[in-house]
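Chain by chain, the residues:
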Amino acid sequence: MTTLLKGIVVLVQKNSFHFNPHAAAQSFGGFIETVIDGPDDIDDSVLDTAESFLGLSVALRLISATRADGNGQGIVGKQTFLEGVLTSIPTLEDKQSAYSIHFEWDHNMGVPGAFYIENFKQDEFFLVSLTLEDVPKHGTLNFVCNSWIYSVAKYETNRIFFTNKTYLPNEIPYPLVYYVHEELKALRGYGTGERKVWERIYDYDVYNDLGEPDKGASWARPILGGPGSLPYPRRGRTGRKATETDPKSESRTDYFYIPRDELLGHVESSDFLVDIFKLVSRNTIPEIRSLDLPEFNTFEDVLSLFYGESSKFSVPKVIQVDHSAWMTDEEFAREMIAGVNPMVIRKISEFPPESKVDRQLFGDNTTTITKEHLEPNMDGVNVEQAIQNNRLYILDHYDSIFPFLRKINETGAKAYASRTILFLQDDGTLKPLAIELSLPHPKGDIFGSVSNVYLPATEGVEASIWLLAKAYVVVNDACYHQLISHWLNTHAVVEPFIIATNRHLSVVHPIQKLLLPHYRNTMNINASARDTLISAGGIIESTYLLGRYTMEMSAVVYKDWVFTEAGLPSDLIKRGVAVEDPYSPHGLRLLIKDYPYASDGLEIWGAIKSWVEEYVNFYYKSDETVVHDSQLHAFWKELVEVGHGDLKHATWWFKMHTRAELIEACTILIWIASSLHASVNFGQYPYGGYIVNRPTKSRRFMPEEGSPEYDELAKDYEKAYLSTITPQAETIWNMTVIEVLSTHVTDEQYLGQRIEGDLWTSDSQPIEAYKRFGTKLAEIEKKLIEKNNDESLRNRYGPVKMPYTILYPTSEPGLTFRGIPNSVSI
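Reading guide: rules and limits
- Residues numbered from 1 in each chain as written.
- Predicted model: local features only at pLDDT ≥ 70, side-chain atom pairs only at ≥ 80, totals over all residues.
- Heavy atoms only, no water.
- Helix = DSSP H or I, 4+ residues; strand = E, 2+ residues; numbered from the N terminus.
- Rg over C-alpha atoms; globule rule 2.2 N^0.38 Å.
- Buried < 20%, exposed > 50% of the residue type's maximum accessible area, 1.4 Å probe, protein only.
- Pairing = 2+ DSSP bridges.
- Axes fitted to C-alpha atoms, helices over the stretch in contact; angles between N-to-C directions.
- Contact = heavy atoms within 4.5 Å.
- Parallel < 35°, antiparallel > 145°, perpendicular 65-115°, else oblique.
- Nonpolar A, V, L, I, M, F, W, Y, C, P; charged D, E, K, R; others polar.
- Phe/Tyr/Trp six-rings, centres within 6.5 Å; stacked < 30°, edge-to-face > 60°.
- Lys NZ or Arg CZ within 6 Å of the ring centre and 35° of its normal.

Trainee: I tried to follow the overall build of the protein on my own but got confused; where do I start?
Mentor: Secondary structure summary: the protein contains 24 helices and 19 strands in total. Since a compact globule built from 826 residues should have a radius of gyration of about 28 Å, the 28 Å found for the protein is in line with a globular shape. Its C-alpha atoms give the protein principal-axis dimensions of about 100 × 60 × 50 Å. For the protein, with 826 residues in total, the buried portion stands at 62%.

Encoded structure:
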């Protein structure tokens, strides 16, 4: 018996995504004033209307999940077209259009489980969903799509979508197995040819597109990743042709391919911020470069960027209450545990702290800081007692930068390797005891370093020297933050997971559904970063200390990256700032009790892990289920051997044989993509927008007594300080970019939210578990607000009176210094 199945198709026309970037750009400062062109593939002369989708424009064919044809493939129904526009659907979002459709379906064909869609129009559209109503014996069937559909002429295989049912590989209905495998094959592609804008192919490549050797030797950059090269995570393959000068390097063009569905294209989504980001990089920065901006002479000169009629920027939070509190030692130390880079400080377990710099290449790099430097300022406690009682800590920016110092300082920068030792006081705050600044020995690398130790001072030229010493430390920390904590440890390491997931975990796989929200827009922003941020002559090279050696240093640091230690508890234990304690919340006791990033982060980590445990245990009833998941093991094998292939021989990789391993791996990945990224991203402008608090460059060495620079420092410390750190032009470039990066968009999806609402799976128990996860996050947010009202926790607000809100799960749009988006989206 043939019946008519009623359906509703929701889509968005391409031209509905247009926006006015000129008007929107005004919210990001007065320097962003140039109108950016739209994407190359948009023809503004074509204005689709809802009616243009009717007639013979868009066709669908249902595919049975329960009845197979003679080839073992689900029976395919008759082709049918969109019929009419629906205007009374209350669930439609802005810009969406709904259409009715009816399918002829024989009851002998079973239950639909997938559908083909064909676009006979010239222009693409964004397919949101298909809903089938009153399916016999099944009721409503939902197909969540969220995909761009181009003309049929663009595709080699039919576009297919599946219901929101979830299956492990051995549970996929037999009639759908062929279609699931064919879709995965289409996403993997063939690894050849240049990728086109409409394609959805996920493949790997090395970082061989950062330089432009055809422009000259100074524009060449080392290849990162692959045999014989510096190790690095893989990025998405674009297939652009090689440069003429170096056949191993990929040429750069205005178009950066990413799989099309990684560009959701919503009007106010992160895609918009990427366009603004490109606008800043390609138009505004060159405009600023052309200006002959004078040096800052006073701190008031810097403050004029925020105050007065000619102000150009939002006032950073770090100076909203007090313009000078950033200068205090307490604030300098507090930002190591509550600032934009709070995951570097570690406990000193032995003195002197050990250096891992290769002694055969760089000689002896033992610290010159002695107990005699430290103990006079340790409140009557000696070094041995402080170590025994977990009261001595170090911010170590020595080993990572020292091997590069000689090359960096030949470029015009004036950099030091630095070590800062701190003491945990009775009131819970940290006090800096000494700063060591080191340079390579003038006789050669094998002779080690030449170092000077600086001690706290509050009066005279010694106080100015101490302020400068802290500035050199912060410059190193700013570089490490932007390059390692922010770029490498979130953006770069996540991209191989995205590629491997799409190549091996089908859309009906439970782990694909779990991880999908945490991938949104990451490949998009990473491609934009390779284009303008981390490329040769890009923003990072131009405005941060390391210059052309930026990415090379990140590759050296990647050698020591360990995925299994990237989760918060393992990281805290590794750095010695926490110990396992079954009687403490989350099984850890913080040795710095008032450690805002760690204490708030453990609350979020615990909520994520509980959610993942409940989800994984619903679909995997035993460890044996994990072992027999063929898609999961194909995903993990390729992730390790290709995506992070330069570390494939590391013994720490999970074997993926147990539910515990799968739970931990998914929790770590979600933590990295959401909370870790939020911690290092959304405080960039609130802390670093005021350049004197967080300089990105040092241009002069520490002045020696008797030199003109020393006399200048004694006479006018503000001018000397500003002549040492980032100059005005580069300050403005940096501020313009980090203001964009620190901003939440209107339709941000935060932890505990999904773009698909409750339709991401048809299984009710995971949906209810996810709602409990959201409720738990709301409870945590209230708890964090209460912590910030506890004035005994001095590190939560500090001298600058800036409450630590960065790990509040939710946020309003804008520059808020709070909120945890699901993914590395900007």
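There's plenty left to go through after this.
Trainee: Any chance you could explain the sheet that holds strand β1 (residues 2-13) here in plain terms?
Mentor: Sheet strands pair by backbone hydrogen bonding; their relative direction is either parallel or antiparallel. The sheet built from 5 strands is open, its strands ordered β5-β6-β1-β8-β9 with antiparallel pairing. The two strands at the open ends of the sheet, each matched to only one other strand, are β5 (84-86) and β9 (139-149). Neighbouring strand axes in the sheet, compared pairwise and without regard to direction, differ in orientation by 30° on average. Note that strand β8 (residues 125-135) and β9 share 8 bridges and pair antiparallel. If you follow serine 129 over to β9, its bridge partner there is valine 144.

Trainee: Explain the sheet that holds strand β17 (residues 449-454) to me, please; I cannot follow it from the model alone.
Mentor: Overall, antiparallel pairing links the 5 strands, which are arranged β13-β14-β15-β16-β17 in an open sheet. Only two strands of the sheet have a single partner each, and these edge strands are β13 (346-347) and β17. Where strand β16 (residues 430-440) lies against β17, 6 bridges are found, and the strand directions are antiparallel. Looking at β17, one finds that proline 440 is bridged to serine 449. Running over the sheet, helix α5 (residues 329-338) touches β14 (392-397), β15 (417-424) and β16 and is turned about 80° from β16. On the sheet, helix α10 (residues 460-504) packs against β14, β15, β16 and β17 and is oriented at approximately 75° with respect to β16.

Trainee: Mind showing me how you'd approach the packing of α10 against helix α21 (residues 708-715) here?
Mentor: Any two packed helices are characterised by how steeply their axes cross, that is the angle between the axes, and by the distance between the axes. Look at α10 against α21: their axes get within 9 Å of each other, and the N-to-C directions meet at 105°. Here α10 is positioned roughly perpendicular relative to α21, judged by the angle of their axes. Between α10 and α21, the contacting residues are Val461, Ser464, Ile465 and Leu468 on the first element and Tyr710, Leu713 and Ala714 on the second. Of the residues contributing to the contact of α10 with α21, the split by class is 6 nonpolar, 1 polar and no charged.

Trainee: How do you make sense of the packing of aromatic side chains when you look at a structure like this?
Mentor: We describe a pair of aromatic rings using the distance from one ring centre to the other and the angle between the two ring planes. In total, this model carries 45 aromatic pairs according to the counting rule given. Plain terms: the ring middles of phenylalanine 115 and phenylalanine 143 are 5.2 Å apart, the flat faces sit at 75° to each other, and that makes the pair edge-to-face. Of this pair, phenylalanine 115 sits in strand β7 (residues 112-119) while phenylalanine 143 sits in strand β9, and the two are 28 residues apart along the sequence. On the basis of relative accessibility, which here comes to 1%, the residue phenylalanine 143 falls in the buried class. Seen from their ring centres, phenylalanine 563 and tryptophan 653 are 6.2 Å apart, and the 20° between their planes marks the pair as stacked. Of this pair, phenylalanine 563 sits in the loop between α14 (550-558) and α15 (568-574) while tryptophan 653 sits in the loop between α18 (630-643) and α19 (659-681), and the two are 90 residues apart along the sequence. The class of phenylalanine 563 is buried, set by a relative accessible area of 0%. Exposure remark for tryptophan 653: the relative accessible area of 5% places this residue in the buried category. An aromatic cluster of at least three residues, connected via ring pairs, comprises Tyr207, Tyr232, Trp487, Phe497, Tyr558, Trp561, Phe563, Phe635, Trp636, Trp652, Trp653 and Phe654. Here the guanidinium or amino end of lysine 121 rests over the ring plane of phenylalanine 53, the centre of that ring lying 4.6 Å away. It is lysine 215 that lies over the ring of tryptophan 219; its NZ or CZ is 3.7 Å from the centre.

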